[in-house]
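Structural characterization, general
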There are 2 protein chains.
Amino acid sequence: MLPPTPPRYPARDATTVDRLMRAAAQAFAEKGFHATTTRDIASGAGLSPAGVYVHFGSKEELLFNLSRSGHQSALQMLRAAVEGLEAPTERLAAAMQQFSAWHAEQHQLAKVVQYEHQHLTPEHRAEVLGLRKDIDALVRQVLESGVAEGAFDVEDIGDTALALLSMAVDVARWYSPTIKRTPRQIGATNAALALRLVGARPTPA
Amino acid sequence: MLPPTPPRYPARDATTVDRLMRAAAQAFAEKGFHATTTRDIASGAGLSPAGVYVHFGSKEELLFNLSRSGHQSALQMLRAAVEGLEAPTERLAAAMQQFSAWHAEQHQLAKVVQYEHQHLTPEHRAEVLGLRKDIDALVRQVLESGVAEGAFDVEDIGDTALALLSMAVDVARWYSPTIKRTPRQIGATNAALALRLVGARPTPA
DNA sequence: CGGGTAACTAAGCGCTTGCTTAGTGTTGCC
DNA sequence: GGCAACACTAAGCAAGCGCTTAGTTACCCG
């Protein structure tokens, strides 16, 4: 009774779904969810207005898929960044570097992730807020272990974690591909600033 | 030929205009400009849908008035905060404290200011972007004088100013009146973190 | 070659949107 | 008292919205 193809509704035809996701990310990032029409998305993906609904049940479902996969990739990237690193300063620097650079490199997706989740249904919003908590917890944990080892001098871990996240997240608000600094440079700057914030010394030359 | 009343189209009846501005600020902050209908604003101000157009020519004009007056009040507040202060650490701490607290206390207006200006007409956007540049310039100037006096140790003034602004502006994104910290406490935290960022010592006890 | 399936489109439906129009009640001035 | 000026409403219009329906094309597997 098993079908010869694996369950197909997670859309095998990656290219059209991919074009839709890209077109939606660009439009949502530039104009916001409500100012974007399904016709914008369809034409951005080279489809007729009805073509969207072959792959997504609604405009909100498209936003949800974007928001969830964006949150997941940010979280995975953060985990990969600190994996294998022992020293708290290295872990913090790597996390801040990668997270900031991600918000620049993926600035369209990042804008959707940071500023459009309010337009999700309550159930969908709850799901992505869970992923956000994981990201917050990871940053807090990096700070906590640094404080425990005496590598960081921090007044309040929650406040400091929030400030660090602000610096990185806000990149999505002001970044534009036309500026001089590259995502990598932005990451390096924010990593250095983060080490100052937590009272660590930058790795000596 | 001068009329007995001064030019009247800047709306003398402050109370209805004020109710409209408040209702619009709340709706724009909570749902965004495009998701807000003129009927939302009208009913929020206790008017019929047509009543809005007695005082504002369009929904965008309402947004513009909000955005401009919000930018102006933020800028004025920043100027007042540093006025009369000589020591760079005091000036930076005062600016950061007040600017961060403003984004909490006025979080609805601040959200409109920071996240909705993309929906202004090009002319109106250009006008508020001018005010934003003034705010950026003020922060930079505080950093520059601190560096010149040897009070701050900063690698790059532009990057550091941007990080400081990120910390303050991002308050509007995460602040909610239900959290434990008061706007004043948030301001104090961010002021202390700012002094760390610029390599200054917090004022000794 | 025939038949089922999945991707896609042309057309359009019902609804909501920003905004207008025509009219009403109130106020203040001569 | 007369009347213009004003703030406001009831009703509604044209346009645009998200999404559906009915039908066409392309392709895969026997």
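Residues numbered from 1 in each chain as written. Chains lettered and ligands numbered in written order. Predicted model: local features only at pLDDT ≥ 70, side-chain atom pairs only at ≥ 80, totals over all residues. Heavy atoms only, no water.

- Chain A carries the name TetR/AcrR family transcriptional regulator in an unreviewed UniProt entry, which gives Intrasporangium calvum as its organism.

**A few points about the interface of chain A and chain B**
- Across the boundary between the two partners, chain A contributes 30 residues, which contact 30 residues of chain B.
- For the pairing of chain A and chain B, the buried interface totals around 2,400 Å² over both sides, and the portion due to carbon and sulfur atoms is 53%.
- One can count four salt bridges joining chain A with chain B.
- Note that Arg181(B) is salt-bridged to Asp159(A), the shortest N-O span being 3.3 Å. (Contact = heavy atoms within 4.5 Å. Buried area = accessible area lost by both parts, 1.4 Å probe. Salt bridge = Lys/Arg side-chain N within 4 Å of Asp/Glu carboxyl O.)

**Focus: the relation of the copies chain A and chain B**
- Rotating chain A by 180° and translating it 0.0 Å along the rotation axis places it on chain B, where the RMSD comes to 0.0 Å. Interpreted geometrically, this transformation is the action of a two-fold axis.
- Mapped onto chain B, 100% of the interface residues of chain A again fall at the interface, so both copies present the same surface. (Least-squares fit on C-alpha atoms with pLDDT ≥ 70 in both.)

**Looking at the environment of Val139(A)**
All names here are of chain A.
- Examined against the element boundaries, Val139 turns out to sit in helix H7 (residues 122–148).
- A relative accessible area of 10% places Val139 in the buried class.
- Those residues in contact with Val139 that sit more than four places away from it in its chain are Ala161 and Leu165. (Helix = DSSP H or I, 4+ residues; strand = E, 2+ residues; numbered from the N terminus. Buried < 20%, exposed > 50% of the residue type's maximum accessible area, 1.4 Å probe, protein only.)

**Observations concerning the packing of H7(A) against helix H8 (residues 157–169) of chain A**
Residues and elements named next belong to chain A.
- Interhelical geometry of H7 versus H8 gives an angle of 125° and a closest axis separation of 9 Å. Between H7 and H8, the angle is such that the two are oblique. Where H7 crosses over H8, the two elements pack in a sense that is right-handed. Listed contacts from H8 to Ile135, Asp136, Val139, Arg140, Leu143, Glu144 and Val147 of H7 are Ile157, Gly158, Thr160, Ala161, Leu164 and Leu165.
- Its residues placed into classes, the contact of H7 with H8 shows eight nonpolar, two polar and three charged. (Axes fitted to C-alpha atoms, helices over the stretch in contact; angles between N-to-C directions. Parallel < 35°, antiparallel > 145°, perpendicular 65-115°, else oblique. Left-handed = near helix turned anticlockwise from the far one by under 90°. Nonpolar A, V, L, I, M, F, W, Y, C, P; charged D, E, K, R; others polar.)

**Some remarks on the packing of aromatic side chains**
- Inspection of every chain in the model, using the stated rule, returns three aromatic pairs over all chains.
- When the ring of Tyr115(A) is compared with that of Tyr115(B), the centres are 4.9 Å apart and the planes differ by 40°; the resulting orientation is tilted. Note that Tyr115(A) is positioned in helix H6 (residues 107–115) and Tyr115(B) in helix H6 (residues 107–115), a pairing that runs across two chains. Both residues of the pair, Tyr115(A) and Tyr115(B), count as buried.
- Measuring from ring centre to ring centre gives 5.2 Å for Phe28(B) and Phe33(B), while their planes differ by 55°; the resulting arrangement is tilted.
- The ring centre of Phe33(A) lies 4.4 Å from the NZ or CZ of Lys59(A), which sits over that ring. (Phe/Tyr/Trp six-rings, centres within 6.5 Å; stacked < 30°, edge-to-face > 60°. Lys NZ or Arg CZ within 6 Å of the ring centre and 35° of its normal.)

**Description of the protein's contact with DNA strand D**
- Around DNA strand D, the surrounding shell holds 17 residues, and the nearest of these are Thr37(A), Thr38(A), Lys59(A), Ser48(B) and His55(B).
- One nitrogen or oxygen atom from the main chain of Thr38(A) is found 2.9 Å from a phosphate oxygen belonging to DNA strand D.
- Within the backbone of Ser48(B), a nitrogen or oxygen atom sits 2.8 Å from a phosphate oxygen of DNA strand D.
- If you list the elements that add at least two residues to the surface near DNA strand D, you get helix H2 (38–44) of chain A together with helix H3 (52–55) of chain B. (Near = heavy atom within 4 Å. Polar contact = N/O pair within 3.5 Å; in protein donor to acceptor, adjacent residues only side chain to side chain.)

**Observations regarding the protein's contact with DNA strand C**
- Around DNA strand C, a shell composed of 17 residues is seen, among which Ser48(A), His55(A), Thr37(B), Thr38(B) and Lys59(B) lie nearest.
- Between DNA strand C and Ser48(A), the relevant distance is 2.7 Å, taken from a phosphate oxygen to a main-chain nitrogen or oxygen of the residue.
- One nitrogen or oxygen atom from the side chain of Tyr53(B) is found 2.8 Å from a phosphate oxygen belonging to DNA strand C.
- At the level of elements, helix H3 (52–55) of chain A together with helix H2 (38–44) of chain B are the ones that each hand at least two residues to the surface near DNA strand C.

**Thoughts on the packing of helix H10 (residues 183–197) of chain A against helix H10 (residues 183–197) of chain B**
- Running from amino to carboxyl end, H10(A) crosses H10(B) at an angle of 115°, the nearest separation of the two axes being 8 Å. As the angle between them shows, H10(A) and H10(B) are arranged roughly perpendicular. For the pair H10(A) and H10(B), the crossing hand works out as right-handed. From H10(A), Leu193(A), Arg196(A) and Leu197(A) reach across to H10(B), where they touch Leu193(B), Arg196(B) and Leu197(B).

**Digging into the side chain of His119(A)**
- Within the secondary structure, His119(A) sits in the loop between H6 and H7.
- Of the residues examined, His119(A) reaches a relative accessible area of 16% and is grouped as buried.
- Setting aside chain neighbours within four positions, we find His119(A) in contact with Phe33(A), His34(A), Glu60(A), Leu63(A), Lys31(B) and Ala35(B).

**Some thoughts on the UniProt feature "DNA-binding region" (unreviewed entry) in chain A**
- The positions UniProt marks with the feature "DNA-binding region" (unreviewed entry) are residues 37–56 of chain A.
- As annotated, residues 37–56 of chain A has a helix share of 55% and a strand share of 0%, and its two end C-alpha atoms lie 14 Å apart. (UniProt positions renumbered as here; feature names shortened; annotations may be inferred.)

**Things to note about the domain arrangement of chain A**
Residue and element names in this part refer to chain A.
- Domain boundaries in chain A define domain 1 (12–57) and domain 2 (67–197).
- Summarising the inter-unit geometry, the C-alpha centres of domain 1 and domain 2 are found 27 Å apart.
- Contact with domain 1, which involves nine residues of that partner, is made by six residues of domain 2.
- Interface area for domain 1 against domain 2, summed over the two sides, is near 590 Å², with a carbon-plus-sulfur share of 67%.
- Counting the contacts that link domain 1 with domain 2 gives zero salt bridges.
- Counting across the interface, domain 1 meets domain 2 through one residue pair in polar contact (both at pLDDT 80 or more).
- Here the side of domain 1 that touches domain 2 is composed, by residue class, of five nonpolar, three polar and one charged. (Domains from an automatic or database assignment.)

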